[in-house]
Amino acid sequence: IPNLRLAGAFLAAGLVPAPAFASLVLSGERTMMGHPATEAGLRAYLDCMPDQPIEWSVLCGGQEIFHMLPMICREGGHVSAGLGDTAYSSLGQPT
């Protein structure tokens, strides 16, 4: 959340061209990074999103992200899945 605030300040000052891009990091119980991979965890990020234009994507470390897809899409985000985030055992561990 502090980085979102900083991104907003950079955008407002014209130091970063709009739209900026932000990766929002969620995690499962085995990996302690970012917010929990829950709607409340993602909501914490979204509630602190700057007013300036930002494209954002969610990645989920140590847990599959599929259960978060409806909220991510509904809120206008993108998904960064399969980029070293988790093994995706439900898909035969393609990563």
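See the structure above.
These numbers were taken from a predicted model, which means no experiment stands behind them.

Basis of the calculations
- Residues numbered from 1 in each chain as written.
- Predicted model: local features only at pLDDT ≥ 70, side-chain atom pairs only at ≥ 80, totals over all residues.
- Heavy atoms only, no water.
- Helix = DSSP H or I, 4+ residues; strand = E, 2+ residues; numbered from the N terminus.
- Buried < 20%, exposed > 50% of the residue type's maximum accessible area, 1.4 Å probe, protein only.
- Contact = heavy atoms within 4.5 Å.
- Areas by Shrake-Rupley, 256 points an atom, 1.4 Å probe, with all protein chains shown as cover.
- Pairing = 2+ DSSP bridges.
- Axes fitted to C-alpha atoms, helices over the stretch in contact; angles between N-to-C directions.
- Core = buried A, V, L, I, M, F, W, Y, C linked by side-chain atoms within 4.5 Å.

Draft legend 1. View of the overall build of the protein chain. Along the backbone of the protein chain there are three helices and four strands. Counting from the amino terminus, the protein chain carries its helices and strands in the arrangement α-β-β-α-β-α-β. A principal-axis box enclosing the C-alpha atoms of the protein chain has dimensions of 45 × 25 × 20 Å. In the protein chain, which comprises 95 residues, the proportion classed as buried is 35%. Counted over contacts in the protein chain with a minimum sequence separation of 6, partners at least 24 positions apart contribute 51%. Of the roughly 5,600 Å² that the protein chain leaves accessible, carbon and sulfur atoms contribute 58%.

Draft legend 2. Examining the sheet that holds strand β4 (residues 78–79) more closely. Pairing in this open sheet of four strands is parallel, and the strands run β2-β1-β3-β4 from one edge to the other. With one partner strand each, in any of the chains shown, β2 (35–36) and β4 form the two edges of the open sheet. Taken strand by strand, helix α2 (residues 39–46) contacts β1 (20–27), β2 and β3 (54–61), and its axis lies near 150 degrees from that of β1.

Draft legend 3. Representation of the pairing of β1 within the structure. Pairing of β1 with β3 involves eight bridges; the strand directions are parallel. For Val25, the partnering residue across the bridge sits in β3 and is Leu59. As defined by bridge partners, β1 adjoins β2 across two bridges and the pair is classed as parallel. Note that in β2 the partner of Leu26 across the bridge is His35.

Draft legend 4. How the structure looks around the environment of Gly41. Along the chain, Gly41 turns up in helix α2. A residue is classified by how much of its surface remains accessible, and Gly41, at 4% relative accessible area, is buried. Note: C-alpha distance between Gly41 and Val25 (16 residues apart in sequence) is 9.4 Å. Sequence-distant contacts of Gly41, defined by excluding residues within four places in its chain, comprise Leu26, His35 and Pro36.

Draft legend 5. Seen up close, the nonpolar core. One finds Leu24, Leu26, Leu42, Trp56 and Val58 to be the most contacted residues of the largest nonpolar core, which totals 20 residues. Put simply, the parts of the chain that give this core at least two residues each are α1 (2–12), β1, α2, β3 and α3 (69–74).

All we've got here are geometric facts, nothing functional implied.
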